[in-house]
Amino acid sequence: MAELAGLPLGTVAGAAARSLALGTAVAAAAGAFGMALAWLTSRTDLPGRRALTGFFSVPYALPPYLLGMAWVVLGNPTVGLLKDWFPSGGIYGLAGMVWVLATVAFAFPFLELRAAFERLDPALEEAARMSGAGPARVFREISLPLLWPSLLNGMVLAFLFSLAAFGVPALIGNPARQYVLTTLIYSQLRVGGMDGLNQGLLLSLILLVMAGAGLALSGWLARQRARRGGTAVSGGKSSRPALVLLGRARVPAAFAAWGFLALAVALPWIALFLSALAPVAGDFRPTAWTLRNLERVLTMADFQEALVNSLLLTLGTATAVVAAGFLLAFLAVRRGSRAASWAITALGAPFSAPGTVVALLLLMGATVAARAGIPVDGPLVLMGAAYALKFAAGAARGIANGFAQVHPSLEEAARISGARTFTLLRTLWFPLLKGTLGAAWLLCALPMLTELTMSVLLTGPGGATLGTVLFQLQEYADQPSAAALAWMLLTVALIVGFATRSREKEA
Amino acid sequence: MSELVLTGISKQFGAVKVLQPLSLKVSDDSFVALLGPSGCGKTTLLRIVAGLEAPTEGELRLDGKTLWANGAGLPPEDRGFGMVFQSYAVWPHLTAFQNVEYPLKVSKRLKAQYPDAPSRRAAVERALKLVRLETLGDRYPHQLSGGQQQRVALARGLVMEPPVLLLDEPLSNLDARLRAEMRRELRDLHRSLGITILYVTHDQREAFEMSTRVLVMEAGRIAQDGPPDEVRGNPAPGFVTEFLSEA
Ligand SMILES: Nc1ncnc2c1ncn2[C@@H]1O[C@H](COP(=O)(O)OP(=O)(O)OP(=O)(O)O)[C@@H](O)[C@H]1O
Ligand SMILES: [Mg+2]
């Protein structure tokens, strides 16, 4: 049989094809959900559309593998809470992976499109209605072509997100022996040795090429579009949109939108909650409820180590990333530094590259360094580096936007008053951008706290994190403890998600 | 002969009453200017006539056909009115020609009247000629100047041969020279085509130069209603006199 670096070619091709299928299917589903929900909440009289808009940004803050665990609780073919509602294989398999990832990834197109609807002059749509087109036709022939670039952007983000996903494919694909590139890389590395690392590197190259191809394709599509007439979204003064009256469709539409929210967020939470209280996996009787699982997790040495590690890593790395981003953005935006702009651009590479690839490159770097006599001490250092690389670009871009939005005269006035660079940063920019910096910090810290994809590859003795402990519990089939931990983490993530949602609205 | 009749139309946003109940008859061929300061409710009134906004109370009829009554009515796409927006609202993904052709392809009434591409082409070319854009049909909006985009918007309204053409400050984004030119053109178009026009503006010059009837609005009610010469020569004491003396 043909081989690739010691791996059967069929295995490699199968995983690559599945990764591509997963990315494409999730992008398509996310695009459809995201578009439907964005239109309903921005242009119709859907009941509760304000509240829904806030809620729909929440799944964004939820670690997808927690939802994956919840869906296993619901859809496990033998002991699942709702197993009768699923096809015979339960949640396991490609369709299950697509569904779970789509319940998170729809937020990418949704948020892009919400912003685009806000920018789109409603008169463009109203003019079409005055021309005699009904709401459906206006959507198809006016809104959709004009919002296409935003939709495409959101779908590419969903594609990259699914391509890079590790937790959900491991939880939902592996039991059905449906491996994708990230899970195959993980299993090759677990075999260990240089062989495993080499195979991992080869596979991650394929992953990287796919991600690059996705980006390139969307860039090309966007340029094609731009060539055929303008995509200018808004020129004139925009007015308040005339809401499309849903009429008889109002109740079913509300049911669908709120139902989607319930399926994407509430149902998984309930599933983990019930499972956390169950004495053994699959026993959901209220009379048998127990707090033993929660107690066991909280007193577990691994968990305590992981909690300390994750908190330290998150606090340290997020703070360092935001501080560095603040300086880089200042130099790039306010001092016109080429080097700083270039650094921010370069950080975009690990930001868009799958986490698995970033972790593997770091592992390889550490191996090379060790051979050259520079030992890289401990998994925490590697994980800190990985988190910083992965999330720095997002923070730096957000902060750079903050700098760009402040009128230069503010800084000029301070300089005329005699303030030098450091004083300027401390007395002017830091207070001015406090909100932006806080938001950037949260945007880094949230995913770091529960990071799994990179941590699981970089962890080692003394290097447990919340993500890796949870993954281990699940892998070693301590389902009740895993559910208890997952439920706690999901609850925290939900609280933070809801809290940041209302912050956004005030701003 | 088409006649637009508003009976007791009012509008409330939450607790704020932005239109007091007002009744109005607009008869065929008139060019009615709705003139008033910012925030007095001109746009709201126009959008209620268009069907883009629902009145809180009142009825709306066109030639005895009910457009709105008892809290329900025809959606904007079934009213057949033409409308020109302040922000032009020319679709950036369609050429000038396609912009003007769009109503002929989608409106139920016009689809029957222009069943095929050649008949549509003729109508679109006629409309483009009216606004003197006959050579620029193939251009996309971003290849047109602001004034030209505004004319595309106007041609898109005219091509429908609507019973009523609604215009909301269509000239406010243009420079002074172009504005003067468009004022002349609109007046000539009105005279030659004989359509009913409802024209919202806060610019007295536009109102008095083009219209056959001026409605001065103040805080959601009509302060004076009459031919331009009468309103200008004999303004109602109080608000109207003050407002007209400001410019
Ligand atoms: N959707 C809305 N919600 C609340 N208030 C509104 C809404 N739309 C309009 N208003 C208020 O109704 C009043 C009338 O608005 P309208 O747009 O009709 O004024 P206008 O006469 O067209 O003013 P302008 O010359 O500035 O365009 C204003 O005070 C406005 O603030
Ligand atoms: Mg107005």
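Residues numbered from 1 in each chain as written. Chains lettered and ligands numbered in written order. Predicted model: local features only at pLDDT ≥ 70, side-chain atom pairs only at ≥ 80, totals over all residues. Heavy atoms only, no water.

### Let's talk about the interface of chain A and chain B
Right, so step 1: In this complex, chain A contributes 29 residues to the contact, which on the side of chain B involves 30 residues.
Right, so step 2: Roughly 2,400 Å² is buried in total at the junction of chain A and chain B, and carbon and sulfur atoms are behind 59% of that figure.
Right, so step 3: Note that Arg 47 of chain B and Glu 126 of chain A form a salt bridge whose closest N and O atoms lie 2.9 Å from each other.
Right, so step 4: Looking at the side of chain A that touches chain B, the elements with two or more residues in it are α6 (122-130) and α7 (135-164) of chain A.
Right, so step 5: It is α6 of chain A that contributes the most residues to the side of chain A that touches chain B, seven residues altogether.
Right, so step 6: Across the side of chain A that touches chain B, the residue classes break down as 13 nonpolar, seven polar and nine charged. (Contact = heavy atoms within 4.5 Å. Buried area = accessible area lost by both parts, 1.4 Å probe. Salt bridge = Lys/Arg side-chain N within 4 Å of Asp/Glu carboxyl O. Helix = DSSP H or I, 4+ residues; strand = E, 2+ residues; numbered from the N terminus. Nonpolar A, V, L, I, M, F, W, Y, C, P; charged D, E, K, R; others polar.)

### As for the domain arrangement of chain A
Residue and element names in this part refer to chain A.
Right, so step 1: Here chain A is described as being made up of domain 1 (1-230 + 250-265) and domain 2 (290-507).
Right, so step 2: Taking only C-alpha atoms into account, the centre of domain 1 sits 23 Å from that of domain 2.
Right, so step 3: Of the residues lining the interface, 35 residues belong to domain 1; the matching set on domain 2 comes to 36 residues.
Right, so step 4: For the pair domain 1 and domain 2, the summed buried area comes to about 2,900 Å², and 81% of that belongs to carbon and sulfur atoms.
Right, so step 5: The tally of links between domain 1 and domain 2 comes to one salt bridge.
Right, so step 6: Of the charged contacts in the structure, one is a salt bridge between Arg 190 and Glu 475, with a shortest N-O distance of 3.2 Å.
Right, so step 7: Looking at the side of domain 1 that touches domain 2 residue by residue, the class counts come to 27 nonpolar, six polar and two charged. (Domains from an automatic or database assignment.)

### Section: the side chain of Lys 11 of chain B
Residue and element names in this part refer to chain B.
Right, so step 1: Relative to the assigned elements, Lys 11 resides in strand β1 (residues 4-13).
Right, so step 2: From its side chain, Lys 11 meets the backbone oxygen of Ala 54 in a polar contact 2.6 Å long.
Right, so step 3: Setting aside chain neighbours within four positions, we find Lys 11 in contact with Val 16, Lys 17, Val 18, Leu 19, Thr 44, Ile 48, Glu 53, Ala 54, Pro 55 and Thr 56. (Polar contact = N/O pair within 3.5 Å; in protein donor to acceptor, adjacent residues only side chain to side chain.)

### A look at the sheet that holds strand β2 (residues 16-26) of chain B
All names here are of chain B.
Right, so step 1: An order of β2-β1-β4-β5-β6 is seen for the five strands of this open sheet, with the pairing classed as antiparallel. Each end of this open sheet is capped by a strand with a single partner; those strands are β2 and β6 (72-73).
Right, so step 2: Relative to β6, strand β5 (residues 65-69) is paired through two bridges, and the arrangement is antiparallel. Looking across to β6, one finds that Ala 69 is bridged to Ala 72.
Right, so step 3: Relative to β1, helix α1 (residues 42-50) is tilted by about 120 degrees, and along the sheet it contacts β1, β2 and β4 (57-62). (Pairing = 2+ DSSP bridges. Axes fitted to C-alpha atoms, helices over the stretch in contact; angles between N-to-C directions.)

### Considering the site of ligand 1
Right, so step 1: Among the 12 residues in the neighbourhood of ligand 1, the closest are listed as Ser 38, Gly 39, Lys 42, Thr 43 and Thr 44 of chain B.
Right, so step 2: With respect to ligand 1, the chains having nearby residues are chains A and B.
Right, so step 3: Here Gly 41 of chain B contributes a backbone N or O atom positioned 3.0 Å from an oxygen atom of ligand 1.
Right, so step 4: Within the side chain of Lys 42 of chain B, a nitrogen or oxygen atom sits 2.8 Å from an oxygen atom of ligand 1.
Right, so step 5: Out of a free accessible area of 640 Å², ligand 1 has 67% covered by protein chains. (Near = heavy atom within 4 Å. Areas by Shrake-Rupley, 256 points an atom, 1.4 Å probe, with all protein chains shown as cover.)

### Points about unusual backbone geometry
All names here are of chain B.
Right, so step 1: If you check the backbone angles, Tyr 88 has positive phi at about 70 degrees while not being a glycine.
Right, so step 2: For Tyr 88, the position within the fold is in the loop between β7 (82-84) and α2 (96-106).
Right, so step 3: Accessibility expressed as a relative area gives 10% for Tyr 88, which makes it buried.
Right, so step 4: Backbone geometry at Ala 219 places phi at a positive 45 degrees, although glycine is not the residue there.
Right, so step 5: Position of Ala 219 among the secondary structure elements: in the loop between β10 (213-218) and β11 (221-226).
Right, so step 6: A relative accessible area of 55% means that Ala 219 is categorised as exposed. (Buried < 20%, exposed > 50% of the residue type's maximum accessible area, 1.4 Å probe, protein only.)

### Re the sheet that holds strand β8 (residues 164-168) of chain B
In a beta sheet, neighbouring strands pair by backbone hydrogen bonds and run either parallel or antiparallel.
All names here are of chain B.
Right, so step 1: Strand order in this open sheet of six strands is β7-β8-β9-β3-β10-β11, and the pairing throughout is mixed. Each having just a single partner strand, β7 and β11 make up the two edges of the open sheet. With direction set aside, neighbouring strand axes in the sheet form an average angle of 15 degrees.
Right, so step 2: Taken together, the five bridges between β10 and β11 define a ladder with antiparallel strand orientation. Following the sheet pairing, Met 217 is matched in β11 by Ile 222.
Right, so step 3: Against the sheet, helix α9 (residues 239-246) engages β3 (31-35), β10 and β11, with an angle of about 105 degrees to β10.

### Considerations on the pattern of salt bridges
Side chains bearing opposite charge may pair, as long as their charged atoms lie close to each other.
Residues and elements named next belong to chain B.
Right, so step 1: Per the stated rule, a full pass over the model turns up 24 salt bridges over all chains.
Right, so step 2: Where Glu 53 meets Arg 47, a salt bridge forms, and the shortest distance between an N and an O atom there is 3.1 Å. The residues Glu 53 and Arg 47 share a single accessibility class, namely buried.
Right, so step 3: For Arg 120, the salt bridge goes to Glu 101, with nearest N and O atoms at 3.0 Å. Of this pair, Arg 120 sits in helix α4 (residues 117-130) while Glu 101 sits in helix α2, and the two are 19 residues apart along the sequence. Taken as a pair, Arg 120 and Glu 101 share a single burial class, namely buried.
Right, so step 4: The network of salt bridges with common partners includes Arg 132, Arg 151, Glu 181 and Glu 185.

### Things to note about the packing of aromatic side chains
Residues and elements named next belong to chain A.
Right, so step 1: As enumerated under the stated definition, the model contains 28 aromatic pairs over all chains in all.
Right, so step 2: With a centroid separation of 6.3 Å and an interplanar angle of 85 degrees, the aromatic rings of Phe 33 and Trp 99 are classed as edge-to-face. Of this pair, Phe 33 sits in helix α1 (residues 9-43) while Trp 99 is found in helix α4 (residues 94-105), placing the two residues 66 residues apart along the sequence.
Right, so step 3: A residue is classified by how much of its surface remains accessible, and Trp 99, at 23% relative accessible area, is partly exposed.
Right, so step 4: Between Trp 71 and Trp 99, the aromatic rings sit 5.7 Å apart at their centres with planes inclined by 85 degrees, giving edge-to-face as the arrangement. A residue pair is termed long-range when its members are at least 10 positions apart, and Trp 71 in helix α3 (residues 64-75) and Trp 99 in helix α4 qualify at 28 residues. (Phe/Tyr/Trp six-rings, centres within 6.5 Å; stacked < 30°, edge-to-face > 60°.)

### Quick look at the side chain of Thr 182 of chain A
Residues and elements named next belong to chain A.
Right, so step 1: Looking at the secondary structure, you find Thr 182 in helix α9 (residues 181-191).
Right, so step 2: Accessibility expressed as a relative area gives 0% for Thr 182, which makes it buried.
Right, so step 3: At a separation of 2.8 Å, a polar atom in the side chain of Thr 182 contacts the main-chain carbonyl oxygen of Ala 165.

### Things to note about the environment of Pro 447 of chain A
Residue and element names in this part refer to chain A.
Right, so step 1: Tracing the backbone through its elements, the reader meets Pro 447 in helix α19 (residues 434-449).
Right, so step 2: Residue class for Pro 447 comes out partly exposed when judged on its relative accessible area of 30%.
Right, so step 3: Separated by 340 residues in sequence, Pro 447 and Ala 107 have C-alpha atoms that sit 15 Å apart.
Right, so step 4: Ignoring anything within four residues of it in the chain, the contact list for Pro 447 reads Phe 391 and Leu 442.

### Details of the packing of α1 of chain A against α4 of chain A
Residues and elements named next belong to chain A.
Right, so step 1: At their nearest, the axes of α1 and α4 sit 9 Å apart, and the two run at 45 degrees to each other. Taken together, the axis directions place α1 and α4 in an arrangement best described as oblique. For the crossing formed where α1 meets α4, the hand is right-handed. In this structure, α1 contributes Arg 18, Ala 21, Leu 22, Ala 25, Val 26, Ala 29, Ala 30 and Phe 33 to the contact, and α4 contributes Leu 94, Met 97, Val 98, Trp 99, Leu 101, Ala 102 and Ala 105.
Right, so step 2: Its residues assigned to classes, the contact of α1 with α4 shows 14 nonpolar, no polar and one charged. (Parallel < 35°, antiparallel > 145°, perpendicular 65-115°, else oblique. Left-handed = near helix turned anticlockwise from the far one by under 90°.)

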